[in-house]
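In case you want the letters, here they are:
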Amino acid sequence: MRLGLPYAVASFIISLTCVFSLSLADPGHMDDSVYAWAYGSIVDSVTVSGTQDTKDIVVLREMETQPGDVLEKEYLHRDIHFLNGLSPFSDVELSIEQLSPGHVAIRIVVRERAEILLKAILPYLKYDFETGITYGIRWKDKNFRGRLENLSFIYTRNERDDDNVSFGWSAPWIGWKHISVGMGVGYYSRGGMPLDPELLERTGVSGFVGIPLTESRMKFSQLLLSGSLNKSRTGGVNDEITKELSVTPRVGYRYDTRNSHLIPTKGGTLGFTVSS
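Report follows, based on the coordinates. (Residues numbered from 1 in each chain as written. Predicted model: local features only at pLDDT ≥ 70, side-chain atom pairs only at ≥ 80, totals over all residues. Heavy atoms only, no water.)

### A short note on the overall build of the protein
Along the backbone of the protein there are four helices and 14 strands. A fraction of 54% describes how many contacts in the protein between residues 6 or more apart in sequence connect residues 24 or more apart. (Helix = DSSP H or I, 4+ residues; strand = E, 2+ residues; numbered from the N terminus. Contact = heavy atoms within 4.5 Å.)

### Describing the packing of aromatic side chains
Counting across every chain of the model gives two aromatic pairs. Between Tyr127 and Phe129 the ring centres are 5.7 Å apart and the planes differ by 75 degrees, which places this aromatic pair in the edge-to-face class. Using a relative accessible area of 82% as the deciding quantity, one classes Phe129 as exposed. When the centroid spacing of 6.1 Å and the interplanar angle of 35 degrees are considered together, the rings of Tyr253 and Phe272 count as tilted. Of this pair, Tyr253 sits in strand E13 (residues 239-256) while Phe272 sits in strand E14 (residues 268-275), placing them 19 residues apart in sequence. On the basis of relative accessibility, which here comes to 37%, the residue Phe272 falls in the partly exposed class. (Phe/Tyr/Trp six-rings, centres within 6.5 Å; stacked < 30°, edge-to-face > 60°. Buried < 20%, exposed > 50% of the residue type's maximum accessible area, 1.4 Å probe, protein only.)

### Looking at the pairing of strand E5 (residues 103-112)
Relative to E5, strand E3 (residues 42-49) runs parallel, the two being bridged by seven bridges. Across the sheet, the residue bridging to Val48 is Ile108, located in E5. Alignment of strand E4 (residues 89-100) against E5, held across ten bridges, turns out to be antiparallel. Within the sheet, the bridge partner assigned to Asp91 lies in E5 and is Arg111. (Pairing = 2+ DSSP bridges.)

### Quick notes on unusual backbone geometry
Positive phi is not limited to glycine here, since Arg145 has a value of about 65 degrees. One can find Arg145 in the loop between strand E7 (132-144) and strand E8 (149-158). Located in the positive-phi region is Leu148, a residue other than glycine, with phi close to 65 degrees. With respect to the secondary-structure elements, Leu148 resides in the loop between E7 and E8. When its relative accessible area of 11% is taken as the criterion, Leu148 is described as buried.

### A word on the pattern of salt bridges
The final tally for this structure, using the stated rule, is twelve salt bridges. Note that Glu149 and Arg145 form a salt bridge whose closest N and O atoms lie 2.6 Å from each other. Sharing partners across several salt bridges, the network here consists of Arg160, Asp162, Arg190 and Glu198. (Salt bridge = Lys/Arg side-chain N within 4 Å of Asp/Glu carboxyl O.)

### Comments concerning a nonpolar patch on the surface
Nonpolar side chains collect at one region of the surface, where Ile121, Ile137, Phe153, Tyr155, Phe167, Met183, Val185, Val205, Leu229 and Leu245 lie side by side and expose about 800 Å² of accessible area between them. Those elements that provide at least two residues to the nonpolar patch are E8 and strand E10 (180-189). (Patch = residues over 30% accessible without salt bridge, like charges linked within 9 Å, V, L, I, M, F, W, Y side chains within 5 Å. Areas by Shrake-Rupley, 256 points an atom, 1.4 Å probe, with all protein chains shown as cover.)

### Here's the deal with the environment of Ser49
Looking at the secondary structure, you find Ser49 in strand E3. A relative accessible area of 35% places Ser49 in the partly exposed class. Through-space distance from the C-alpha of Ser49 to that of Val109 is 5.0 Å; in sequence the pair is 60 residues apart. Leave out the neighbours within four places in its chain, and Ser49 touches Ile108, Val109 and Val110.

### Description of the nonpolar core
One broad rule of soluble globular proteins: the nonpolar side chains tend to lie buried together. Residues Val59, Leu71, Ile96, Ile106 and Ile108 are the most contacted members of the largest nonpolar core, which totals 24 residues. Elements that contribute at least two residues to this core include exactly E3, helix H2 (56-60), helix H3 (73-84), E4 and E5. The residues contacting Ile96, other than those within four sequence positions of it, are Tyr35, Trp37, Ala38, Leu71, Leu76, Val104 and Ala105. (Core = buried A, V, L, I, M, F, W, Y, C linked by side-chain atoms within 4.5 Å.)

Following this line, the structure appears as structure tokens:
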């Protein structure tokens, strides 16, 4: 839905995404023959060691197996594979200790990646036939505040002297609540005045919130609410400058059964988005 000058335009767009993973060998560090005795026991505690820059809650909240649950083979396989796919960790190992007959404790030991790999400043270079070479820098912190939040910044300029800058932040959880949130701001400025009408300047803000519909991590579904607000100027030497304010709300749904976001070996994801 666009609210602008000199008229308003309304449109609806529906997009569908569907990704499924093949069943491959599970690289998780767990030997079933060693821990077969533990399945069916009550999990009294789950502890994490080895974290330095990452909060323990990042590991604990992503696990399907929680204290008080009955230890199940399928859940444990999923947990170790999922944790090994989290960006802050280069390695995750799991062990099980018997506390008493029918009661066990799970120990998680992680090895974190070098901080520079999660907070790298990288050059940006791209070529386009219309605008020529685009260059700049981009920076992203994949584990902001040690909570697996993403913080990003990018600045680019091309041969036409167009400037483009954007900043974004997102969090997959709020504490122990599987509510994802995010926001972004961006600014674009055209270098020079074109002859024909083109976008001259645009300032935009966007945001989203993901509301969980299930508590299960293995079969996770989420309602996605998002939107963007953009203020723009268009014009050219041979045309008057017009201003426009556009509002784009979106509603979506996501169903995710993958056992890893990095290299899934089981499950898939299905989702759709409706925007206007």
